Amino acid sequence: MTDDTAAGPPTSETPTPPDGYVGDPDVRAEWDATYADREQMWSGGPNGALVAEVAGLAPGRVLDVGCGEGADAVWLAGRGWDVTALEVSGVALERAAAHARDAGVAVRWVHAGLVEAHLAPASFDLVSAQYPALLRTPDAAAERALLAAVAPGGVLLLVHHAGMDTHEVPDGGFDPADYVWPSMVAALLDDDWDVETDEQRPRPAPEGGAGAHHTHDVVVRARRLR
Ligand SMILES: C[S@@+](CC[C@H](N)C(=O)[O-])C[C@H]1O[C@@H](n2cnc3c(N)ncnc32)[C@H](O)[C@@H]1O
């Protein structure tokens, strides 16, 4: 579900994304609490891997999965992309919408979980998921939702912190087994896809933010052939 209205696509002029959330309330509550803990969570700048990978692409329809505070969405919109940005945290989305207003760009905000959003299939020229925190399920629903959103000829760009898939935090902290990692998505890429990149590489350092200590990315970039 989106914050679309009969008057047309919602934009960053929408003061606050209305509460039409579709998704797991626990996931939303957890991320809202995480964001509420700090005035600003991330650096405020676009992710380096996104900037590098988008350089050779013509702007089209892009889906930003787990857009957080909206830095990538705003950056893409400023470069001519038609941006749909999806996020479970309303706290983050409010910051993202304010960021877009300040930048004077239009973004379509979707307050939903990726799977529960039931996006129109094959409707994006680029699906970008930067450090997504997608919960793993036996039916690989999140992985399949990422792939299904990409239009024929379009690109899936999935970026994560290297080593996170094996990095356990004991005592009830982060368990990597609970989450979707790029290798799991890559494993589903069949003959309909051309894997353009599947590698680990140094991460352009962001200017601050909670994840600034991560030094390397895993980057999977695949083009949907049909
Ligand atoms: C590590 S943060 C990355 C945020 C942003 N992509 C960035 O690079 O700054 C992961 C984001 O995924 C969001 N998220 C968690 N579960 C989600 C889901 N099921 N669907 C969409 N977004 C989700 C979180 O709220 C959080 O903003």
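None of these values were measured; they are calculated from a predicted model.

**A few points about the site of the ligand**
Taken together, the neighbourhood of the ligand is formed by 17 residues, with Y35, N47, G66, E87 and Q130 sitting nearest. Within the side chain of N47, a nitrogen or oxygen atom sits 2.9 Å from an oxygen atom of the ligand. Burial of the ligand by the protein chains amounts to 90% of its free accessible area of 590 Å². For the shell around the ligand, the secondary structure elements donating two or more residues are helix 1 (25-36) and strand 2 (82-87). Looking at the shell around the ligand element by element, the count peaks at 3 residues for helix 1. When grouped by side-chain class, the residues that make up the shell around the ligand number 11 nonpolar, 5 polar and 1 charged.

**Some points on the environment of A73**
Tracing the backbone through its elements, the reader meets A73 in helix 3 (residues 71-78). Remark: the alpha-carbon pair of A73 and A98, spanning 25 residues in sequence, is separated by 12 Å. Apart from the residues within four sequence positions on either side, A73 is in contact with D64, V83, A85, V107 and W109.

**A few points about the nonpolar core**
Nonpolar side chains tend to gather and get buried jointly when the protein is soluble and globular. Ranked by internal contacts, the top residues of the largest apolar core, which has 27 residues, are V54, L76, W81, V83, V107, W109 and L126. When contributions to this core are tallied by element, the ones reaching two or more residues are helix 2 (48-54), helix 3, strand 2, helix 4 (90-103) and strand 5 (150-161). A total of 5 residues in this core trace back to one element, the largest contributor, which is helix 3. Apart from residues no more than four positions distant in its own chain, W81 is found in contact with V54, L57, A58, P59, G60, R61, V62, L76 and L126.

**Things to note about the packing of aromatic side chains**
As enumerated under the stated definition, the model contains 5 aromatic pairs in all. Aromatic side chains F174 and Y179 sit 5.4 Å apart centroid to centroid with 20 degrees between the ring planes, which places their arrangement in the stacked category. Since its relative accessible area comes to 22%, F174 is described here as partly exposed. An aromatic cluster is defined as three or more aromatic residues linked by ring pairs; in this entry it consists of W31, Y35 and W42.

**Regarding the packing of helix 1 against helix 4**
Two packed helices can be described by the angle between their axes and the distance between those axes. The geometry of helix 1 relative to helix 4 is characterised by a closest axis approach of 7 Å and an angle of 55 degrees between their N-to-C directions. Comparing their axes, helix 4 and helix 1 come out oblique. Counted together, D32, Y35 and A36 of helix 1 and G90, V91, A92 and R95 of helix 4 form the full contact between these two elements. Per-class residue counts for the contact of helix 1 with helix 4 are 4 nonpolar, 1 polar and 2 charged.

So, how was this worked out
Residues numbered from 1 in each chain as written. Predicted model: local features only at pLDDT ≥ 70, side-chain atom pairs only at ≥ 80, totals over all residues. Heavy atoms only, no water. Near = heavy atom within 4 Å. Polar contact = N/O pair within 3.5 Å; in protein donor to acceptor, adjacent residues only side chain to side chain. Areas by Shrake-Rupley, 256 points an atom, 1.4 Å probe, with all protein chains shown as cover. Helix = DSSP H or I, 4+ residues; strand = E, 2+ residues; numbered from the N terminus. Nonpolar A, V, L, I, M, F, W, Y, C, P; charged D, E, K, R; others polar. Contact = heavy atoms within 4.5 Å. Core = buried A, V, L, I, M, F, W, Y, C linked by side-chain atoms within 4.5 Å. Buried < 20%, exposed > 50% of the residue type's maximum accessible area, 1.4 Å probe, protein only. Phe/Tyr/Trp six-rings, centres within 6.5 Å; stacked < 30°, edge-to-face > 60°. Axes fitted to C-alpha atoms, helices over the stretch in contact; angles between N-to-C directions. Parallel < 35°, antiparallel > 145°, perpendicular 65-115°, else oblique.

Shape descriptors only; they carry no functional weight alone.
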